[in-house]
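Working through the structure, step by step
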Amino acid sequence: SQQGEEDPQALSIQEGENATMNCSYKTSINNLQWYRQNSGRGLVHLILIRSNEREKHSGRLRVTLDTSKKSSSLLITASRAADTASYFCATDPRTNSGGSNYKLTFGKGTLLTVNP
Amino acid sequence: DGGITQSPKYLFRKEGQNVTLSCEQNLNHDAMYWYRQDPGQGLRLIYYSQIVNDFQKGDIAEGYSVSREKKESFPLTVTSAQKNPTAFYLCASSSWQSNEQYFGPGTRLTVT
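What counts, and where the lines are drawn
Residues numbered from 1 in each chain as written. Chains lettered and ligands numbered in written order. Predicted model: local features only at pLDDT ≥ 70, side-chain atom pairs only at ≥ 80, totals over all residues. Heavy atoms only, no water. Helix = DSSP H or I, 4+ residues; strand = E, 2+ residues; numbered from the N terminus. Buried < 20%, exposed > 50% of the residue type's maximum accessible area, 1.4 Å probe, protein only. Phe/Tyr/Trp six-rings, centres within 6.5 Å; stacked < 30°, edge-to-face > 60°. Core = buried A, V, L, I, M, F, W, Y, C linked by side-chain atoms within 4.5 Å. Contact = heavy atoms within 4.5 Å. Salt bridge = Lys/Arg side-chain N within 4 Å of Asp/Glu carboxyl O. Disulfide = S-S within 2.5 Å. Pairing = 2+ DSSP bridges. pLDDT = per-residue confidence, 0-100.

Attention shifts here to the overall build of chain A. When helices and strands are counted, chain A shows zero helices and eleven strands. When the helices and strands of chain A are listed from N to C terminus, the series reads β-β-β-β-β-β-β-β-β-β-β. Overall, the C-alpha framework of chain A stretches about 50 × 30 × 20 Å when taken along its three principal axes. Expressed as a percentage of the 116 residues in chain A, the buried residues total 43%.

Now the structure itself:
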């Protein structure tokens, strides 16, 4: 079942601009993760934000999490042509006992194109 | 080099044949996963294993089988019972301490 849903499905910007992608989910989570996938390749983990965190930074990446709205956003600042890729959010759903079953649920992704 | 390897990168098979996709990791991770990705889609979980000699079905296990005889290896067999096997298959692993997943480069399977 798809838990995370990214928005928009596709985003095209110019180099140097900021890119913002959103993710909505349905159930309580332990954490939310963002991954990047270059065309035809495996996914690469970018950042993890726990349910008790509201914002996290890593280099040019900024992730926010709003558990009351069940949503997250990924901001890439000063984008580069090399940032062109698909970006996926993945949630770690909280079990009934409050733990994790160590499965992630991935959304369908946002295809980001950064034009030189 | 630590990481996950998948082989082969491209695989072609005739309909009705079983085919096994390889996944090996040297990250000492306990958990391993198999996903299927169709064009323009997200990842769907086929099978996962949290420990050697144990594995569970994911969301789309029908037509697939796995084994986990060694911690490092988690091969996936696509059987002739899988109705639409042509897809991009991704293997991943994670540790108990963190469920950040590390992915292999993928195998693109084409069945004609």
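A few words on the packing of aromatic side chains. Counting across every chain of the model gives nine aromatic pairs over all chains. Seen in terms of ring centroids, Phe106(A) and Phe103(B) are 6.1 Å apart; in terms of plane orientation they differ by 80°. Their pairing is edge-to-face. Taken as a pair, Phe106(A) in strand β10 (residues 105-106) and Phe103(B) in strand β10 (residues 102-103) lie in two separate chains rather than in one. Classification of Phe106(A) as buried rests on a relative accessible area of 1%.

This part is about the nonpolar core. Ranked by internal contacts, the top residues of the largest apolar core, which has 21 residues, are Trp34(B), Ile46(B), Leu76(B), Val78(B) and Tyr89(B). Counting only elements with at least two residues in this core, the list comes to β3 (19-25), β4 (31-37), β5 (43-51), β7 (64-66), β8 (76-78), β9 (87-94) and β11 (107-111) of chain B. Non-local contacts of Val78(B), meaning those with residues more than four positions away in its chain, are made with Gln17(B), Asn18(B), Val19(B), Leu21(B), Gly63(B), Tyr64(B), Pro85(B), Tyr89(B) and Leu109(B). One finds Tyr25(A), Leu32(A), Ile47(A) and Ala85(A) within the second-largest nonpolar core, a separate group that totals 20 residues.

The next point concerns the pattern of salt bridges. Residue and element names in this part refer to chain B. Taken as a whole and judged by the stated rule, the model has seven salt bridges over all chains. A salt bridge links Lys 71 to Asp 30; its shortest N-O distance comes to 3.6 Å. One end of the pair, Lys 71, is in the loop between β7 and β8; the other, Asp 30, is in the loop between β3 and β4, with 41 residues separating them in the sequence. The exposure class of Lys 71 is partly exposed, given its relative accessible area of 23%. On the basis of relative accessibility, which here comes to 23%, the residue Asp 30 falls in the partly exposed class.

Here the focus is the state of the cysteines. Inspection of the entire model under this criterion finds two disulfides over all chains. In this model Cys23(A) forms its disulfide with Cys89(A); the gap between the sulfur atoms is 2.0 Å. With the S-S dihedral at roughly 65°, the linkage between Cys23(A) and Cys89(A) falls on the right-handed side. Of this pair, Cys23(A) sits in strand β3 (residues 19-24) while Cys89(A) sits in strand β9 (residues 85-93), and the two are 66 residues apart along the sequence. With relative accessibility at 1%, the residue Cys23(A) sits in the buried group. With a sulfur-sulfur separation of 1.9 Å, Cys23(B) is cross-linked through a disulfide to Cys91(B). Between Cys23(B) and Cys91(B), the S-S torsion sits near -75°, and that sign places the bridge as left-handed. Taken as a pair, Cys23(B) in strand β3 and Cys91(B) in strand β9 lie far apart in primary sequence, 68 residues in all.

Another point: the pairing of β3(B). All names here are of chain B. The alternating pattern of β3 places Val 19, Leu 21, Cys 23 and Gln 25 on a buried face and Thr 20, Ser 22 and Glu 24 on a face that is not buried. As paired strands, strand β1 (residues 4-7) and β3 are joined by four bridges and run antiparallel to one another. Residue pairing in the sheet places Gln 6 in a bridge with Cys 23 of β3.

Residues with a pLDDT of 70 or more make up 98% of chain B, whose mean pLDDT is 94. Ranking the elements of chain B by mean pLDDT puts strand β2 (residues 10-13) of chain B last with 94 and β7(B) first with 98.

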